[in-house]
Amino acid sequence: MEMNAAAFEELVIDELDQLPDEMVEGLDNVVFVVEDRPEDGTLDLLGLYDGLALTERTQYGMGELPDRIVVYREPHLAQCEDEADLRDEIHTTLVHEIAHFYGLDDRQLHEMGWA
């Protein structure tokens, strides 16, 4: 599947807007970023939470750089056949990375059916 960066970013924004309020309202000092692919160039990683989970913080205050949730465009496009499939995968990636922000690990996400 092919899609330019601007169109892909619009899909990410649309899917983010559709997430439940209770999931996103606690995302303090978090930015969402779309990048073409991970630094290692692979197409295996769909997203990344780059920060310190809420459950691991001892303090959090002014002057802290924001945590980042990165969604990788090329790996998504390589794994999806059409736009509906792409939207579903973006949605799953967002939920997965937001869950990491809240301190859920991959094992817990699998048990909950989110990964």
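Heads up: the structure comes first, above all this text.
The text that follows walks through the structure, step by step, so that each part is easy to find. Here the structure is a predicted model, which is why all the values come from computation and not from measurement.

## So, unusual backbone geometry
- Positive phi outside glycine occurs at N29, with the angle close to 60°.
- Here N29 is to be found in the loop between α2 (21-24) and β1 (30-35).
- For N29, a relative accessible area of 27% translates into the label partly exposed.

## Here we look at the nonpolar core
- Of all hydrophobic cores here, the largest spans 19 residues; its most connected members are F8, L86 and I90.
- At the level of secondary structure, the elements contributing two or more residues to this core comprise α1 (5-17), β3 (67-72) and α4 (83-101).
- Counting residues per element, this core draws most heavily on α4, at six residues.
- Here L86 is in contact with M1, M3, F8, L11, H76, L77 and C80, once residues within four sequence places are set aside.

## Overview of the pattern of salt bridges
- A complete count under the given rule lists nine salt bridges for this structure.
- Between R87 and E15 there is a salt bridge, with its nearest N and O atoms 3.1 Å apart. A residue pair is termed long-range when its members are at least 10 positions apart, and R87 in helix α4 and E15 in helix α1 qualify at 72 residues.
- Looking at E15, the relative accessible area reads 6%, which means it is buried.
- In this structure, R87 engages E83 in a salt bridge whose closest nitrogen and oxygen atoms are separated by 3.3 Å. One end of the pair is R87 and the other is E83, both in helix α4 and four residues apart, which spans about a single turn.
- Sharing partners across several salt bridges, the network here consists of D14, E15, E83 and R87.

What counts and what doesn't
Residues numbered from 1 in each chain as written. Predicted model: local features only at pLDDT ≥ 70, side-chain atom pairs only at ≥ 80, totals over all residues. Heavy atoms only, no water. Helix = DSSP H or I, 4+ residues; strand = E, 2+ residues; numbered from the N terminus. Buried < 20%, exposed > 50% of the residue type's maximum accessible area, 1.4 Å probe, protein only. Core = buried A, V, L, I, M, F, W, Y, C linked by side-chain atoms within 4.5 Å. Contact = heavy atoms within 4.5 Å. Salt bridge = Lys/Arg side-chain N within 4 Å of Asp/Glu carboxyl O.

Everything listed here is a matter of coordinates, which is why it stays silent on function.
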